[in-house]
Amino acid sequence: MVVAKLKPLSVSAKKLWKSKMKKVLFGSTILTATVALSLSTSSIQAQEKAKPLQISVGGFFNSVIGFADQSDSFENDTGTPGLEPGYDSFNIYNDSEIHFTGSTKLDNGIGVEVHVELEADQVSAGVVDDSFMRLTGSFGDIRFGSTDAVTSVFANTAPAVGATGPNDGDVGNFIVKPSAVSATADTLLGTGNIMKVTYLTPTFNGFQAGFSFEPSDSDTNAMPVTKGDSGTDTTEYNVGLSYSGKMGTTTVAADISYKEDVGTDANSITGIRGGISLGIGAFTIGGSFKDIDHAGTGIEGTSSSLEETGYDIGAQYDFGNTSVSATYLHSSMPLASGTTGDDEVQSLFLGASHNISPGVDLLGNVTWAEWKDEATTDASNNQGFAVIGGVGITF
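All of these numbers come straight from a predicted model, not from anything done at the bench.

How should the pairing of strand β7 (residues 207–214) be read in this particular structure?
Residues in a regular strand project their side chains so that they alternate between the two faces of the sheet. Covered by surrounding structure in β7 are Gln208, Gly210, Ser212 and Glu214 only, the residues Phe207, Ala209, Phe211 and Phe213 on the alternate face being uncovered. Pairing analysis gives four bridges linking strand β6 (residues 195–200) to β7, with the strands arranged antiparallel. Bridge pairing links Tyr199 to Phe211 in β7. Where β6 folds back onto β7 in an antiparallel hairpin, the turn is made up of six residues, including Asn205, whose phi is positive at roughly 50 degrees. Pairing geometry for β7 and strand β8 (residues 235–247), over eight bridges, is antiparallel.

Below, the structure written as structure tokens:
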């Protein structure tokens, strides 16, 4: 067997080999670094995707003061001499909420959001207002939790600016509502934020539909007691349709919705509401209505009926950082007692707002309101004027 002997490398060959090996090692080092950097970047991106949902904070804070004058006969007649109430002409209150919102998007494109609203005033003692989870995507918008019904989500009302308005329930903080008056100063339906599920379809050419289902009107986690002879809870159903878009140069927002409460005869009602808002240049005009009928057997047309009708109408003008408005509301509740006639409330709001800084507005109103009971007893009827001012902050 012949064994070939390898000749030793020449000096020049050794130098060439070393040079090539250096290049290979250098290239390998760069490749390794590149791969490591790529893996590191992928790991960071994966960690970023895996981060928990981040919570943001927002809300509003309104501080309101006002001077009001009640009807003299209302203050001086209680039916019990020596116990007549006397109301100061000055009042002050805050209306504030802190909102916690967090959202993320899943790999399949579905958006997940949580939303919690905390009442921030001392009088509310930190009560949680809305608290719900929302899923959004090509299928629409689904909400689970304590939140508004679709009739409130879609609701358009008469335009109003200032420290108070016809649908916020605050006019009674200045012009006192007698306890005998049952009529409500609003045109809304389904405003309670009890546990429910709400679904809103995607928007098609400006139109959107939705429904809400509230198993029980009780603020509890217990099973609803809605059936049987001793059922005490009420189930609420809401359906609605809204439109938002432009017709020529006019901006249009409108809604129509239906509500049905199913429970005991005393609490079973049906209701319908609608509203429209038209924006024409610097002007906005609009209004809304509600009509509630009693559906319970033997209740409709009696003094126990919850029947009620109401409407509002108004106009607003915006110029620069300032807006002014005039709004009127009327609501009546027939047969609220055995006395013939209607419980009524009517109010007129002249309002103004002026933006002085991003998120900070000066607010003001001159307001008149009248609360009327079927009975003519002075203690059950009141009317008055109020001059109201405040500062509104959103964040």
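How should I be thinking about the pairing of strand β4 (residues 128–137) in this particular structure?
Pairing between strand β3 (residues 111–119) and β4: seven bridges, direction antiparallel. Paired with Gly111 across the bridge in β4 is Thr136. Judged from the seven bridges that link them, β4 and strand β5 (residues 140–146) form a sheet pairing that is antiparallel. The partner of Arg134 across the bridge, within β5, is Arg143.

Hey, could you run me through the side chain of His294 in this one?
You can see His294 is positioned in strand β11 (residues 283–294). Here Asp265 takes part through its backbone oxygen, which lies 2.8 Å from a polar atom of the side chain of His294. A polar atom in the side chain of His294 sits 2.9 Å from the backbone nitrogen of Leu306.

I keep staring at the layout of surface pockets and nothing clicks. Help me out?
Which parts of space are left empty comes out when a probe the size of a water molecule is rolled across the atoms. The calculated volume of the largest pocket comes to roughly 860 Å³. Taken together, 33 residues line the largest pocket, and the ones lying closest to its centre are Asp95, Asn167, Asp168, Asp170 and Leu188. Counting residues per element, the ones that place at least two in the lining of the largest pocket are β2 (90–105), β3 and β4. Considering each element in turn, the lining of the largest pocket owes the most residues, five residues, to β2. Partitioned by chemical class, the residues of the lining of the largest pocket number 10 nonpolar, 12 polar and 11 charged. Reported here for the second largest pocket is a volume of approximately 520 Å³. Taken together, 23 residues line the second largest pocket, and the ones lying closest to its centre are Gly190, Lys259, Asp261, Ile269 and Ile292.

I keep staring at the environment of Ile269 and nothing clicks. Help me out?
Relative to the helices and strands, Ile269 resides in strand β10 (residues 269–280). In the structure, Ile269 is positioned 36 residues away from Ser305 in sequence and 9.1 Å away in space, judged by C-alpha atoms. With residues up to four places along the chain from it excluded, the contact list for Ile269 reads Lys259, Glu260, Asp261, Ile292, Asp293, His294, Ala295 and Leu306.

What is the right way to look at unusual backbone geometry in this model?
Residues other than glycine predominantly adopt negative phi, and peptide bonds predominantly adopt the trans conformation. With phi around 50 degrees, Asn205 is a residue other than glycine that occupies positive phi space. Within the fold, Asn205 resides in the loop between β6 and β7. Using a relative accessible area of 76% as the deciding quantity, one classes Asn205 as exposed.

In this structure, what is going on with the packing of aromatic side chains? I would like to understand it.
Remark: the centre distance and the inter-plane angle together describe each pair of aromatic rings, the angle taken between the planes. Within this structure, the stated rule accounts for nine aromatic pairs. Relative to Phe90, the ring of Phe67 has its centre 5.3 Å away and its plane inclined at 55 degrees; by these criteria the two rings are tilted. On the criterion of sequence distance, the pair formed by Phe67 in strand β1 (residues 54–69) and Phe90 in strand β2 is long-range, its members being 23 residues apart. The exposure class assigned to Phe67 is partly exposed, which follows from its relative accessible area of 49%. For Phe90, a relative accessible area of 38% puts it in the partly exposed group. Aromatic side chains Phe207 and Tyr243 sit 4.8 Å apart centroid to centroid with 50 degrees between the ring planes, which places their arrangement in the tilted category. Of the two residues, Phe207 is situated in strand β7 and Tyr243 in strand β8; the sequence distance between them amounts to 36 residues. Within the aromatic cluster, the residues linked to one another by ring pairs are Phe283, Tyr317 and Phe319.

The rules behind these values
- Residues numbered from 1 in each chain as written.
- Predicted model: local features only at pLDDT ≥ 70, side-chain atom pairs only at ≥ 80, totals over all residues.
- Heavy atoms only, no water.
- Buried < 20%, exposed > 50% of the residue type's maximum accessible area, 1.4 Å probe, protein only.
- Helix = DSSP H or I, 4+ residues; strand = E, 2+ residues; numbered from the N terminus.
- Pairing = 2+ DSSP bridges.
- Polar contact = N/O pair within 3.5 Å; in protein donor to acceptor, adjacent residues only side chain to side chain.
- 1 Å grid on protein atoms, 1.4 Å probe; cavity = no way out; pocket = protein on both sides within 12 Å on 5 of 7 lines; lining within 4 Å.
- Points joined across faces, edges and corners; volume = space filled by probe spheres on them.
- Nonpolar A, V, L, I, M, F, W, Y, C, P; charged D, E, K, R; others polar.
- Contact = heavy atoms within 4.5 Å.
- Phe/Tyr/Trp six-rings, centres within 6.5 Å; stacked < 30°, edge-to-face > 60°.

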